[in-house]
Amino acid sequence: MRAVLLGTKGGPRLLADRCGPGQLIEQTGHTVLVDAGEGVVQQIVRSGRSLADLDAVFITHHHCDHNVALGNVLMGYWVSGGSRPLTVYGPPPLDRVVERILAAHEYDITTRVADEGRVDLRELVRVRTLGDSGDSGASRVETGPLTVTAVPVSHPPVHALGYRFTGTARGSSIVVSGDTAPCRSLVELAHGAELLIHEVLHPDFIRPAASNTRWADLERHLLTSHTSVYELGAVAAAAGVGTLVMTHFVPATGVEPRRWLEPVQERFGGRVLLGHDLMHIDTHSVNTHNVNTHNEVEEPHENHH
């Protein structure tokens, strides 16, 4: 099983050189997309893949940095030649989100169906909502050779899901945390997984900036709804995962790699990778491509903070 990190920047602010959250999970010719942050469509193409090869889409939650490009994904799938039903999974109000995306493109879809003979995209897209705001249990779905387990995670005030993807043939597992504070449900979901792809925040480097937000409110959200670099190692250790990959970096720039890695390694003795856009990771060997050696930590260090 393989994971491809399409974008590793956290938060809605846009950057020229890093894309918003998104991962591909691949197993024996079956490809699913997890989250649709800004730029993921171009990243899929840059990775050498076609959007027409997508088999399913999973959204962790409906903050815009995780779903803003969902319309581009659906339209890109269609105009790239996708002709099979494509199911989008995620928390509520997923049905309303997808309905309004398709409505926004109604003119183009109708025109291309009539003028170009395309299959109607509205007949291809399926929506399956997983859980609701009051559901604390797990949901399980099958897509091709993958069993997908979704559980609610802690990202108040938004209803958010973490996903575990398990290959039905070999049993390898990749877990994607989505956005979450440390929580028991995520630890249990990730128990024994080969690979945990987890968001991370560095509280020492978040600063107020020119914005239309109230800094006190934004700071409270960041500190209570995300997992800090000082907490993440304990999460990975409690879950007993083989390899931890950090992604969804907040802040996205201005932090040396060691400042991310050392606090995590102090509490987690497994392999730690600092994620970057278009990183490829194979579960069977944890092979990585385009990873600098200083981004990888194998042995525990002494406490440096």
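Residues numbered from 1 in each chain as written. Predicted model: local features only at pLDDT ≥ 70, side-chain atom pairs only at ≥ 80, totals over all residues. Heavy atoms only, no water.

Draft legend 1. Structural detail: the pattern of salt bridges. All told, the structure shown has 10 salt bridges when counted by the stated rule. Across the pair Arg118 and Glu116 runs a salt bridge, and its minimum N-O distance is 2.6 Å. The class of Arg118 is partly exposed, set by a relative accessible area of 27%. When its relative accessible area of 40% is taken as the criterion, Glu116 is described as partly exposed. (Salt bridge = Lys/Arg side-chain N within 4 Å of Asp/Glu carboxyl O. Buried < 20%, exposed > 50% of the residue type's maximum accessible area, 1.4 Å probe, protein only.)

Draft legend 2. Examining the pairing of strand β2 (residues 22-27) more closely. Among the six residues that make up β2, six are buried, leaving the element largely enclosed by the rest of the structure. Where burial is concerned, the two faces of β2 agree: the one with Gly22, Leu24 and Glu26 and the one with Gln23, Ile25 and Gln27 are both buried. Bridge count between strand β1 (residues 2-7) and β2: five bridges; the pairing is antiparallel. Looking at β2, one finds that Gly7 is bridged to Gly22. Bridge count for β2 against strand β3 (residues 30-34) is five bridges, and the pairing is antiparallel. Residue pairing across strands places Gln23 opposite Val34, the latter belonging to β3. Counting the residues that bridge the hairpin from β2 to β3 gives two residues, and of these Thr28 lies at a positive phi of roughly 40°. (Helix = DSSP H or I, 4+ residues; strand = E, 2+ residues; numbered from the N terminus. Pairing = 2+ DSSP bridges.)

Draft legend 3. Structural context of the state of the cysteines. Following the criterion strictly, the structure yields zero disulfides and no others. The cysteine Cys19 is free of any disulfide, with Cys64 supplying the nearest cysteine sulfur at 15 Å. The class of Cys19 is buried, set by a relative accessible area of 14%. (Disulfide = S-S within 2.5 Å.)

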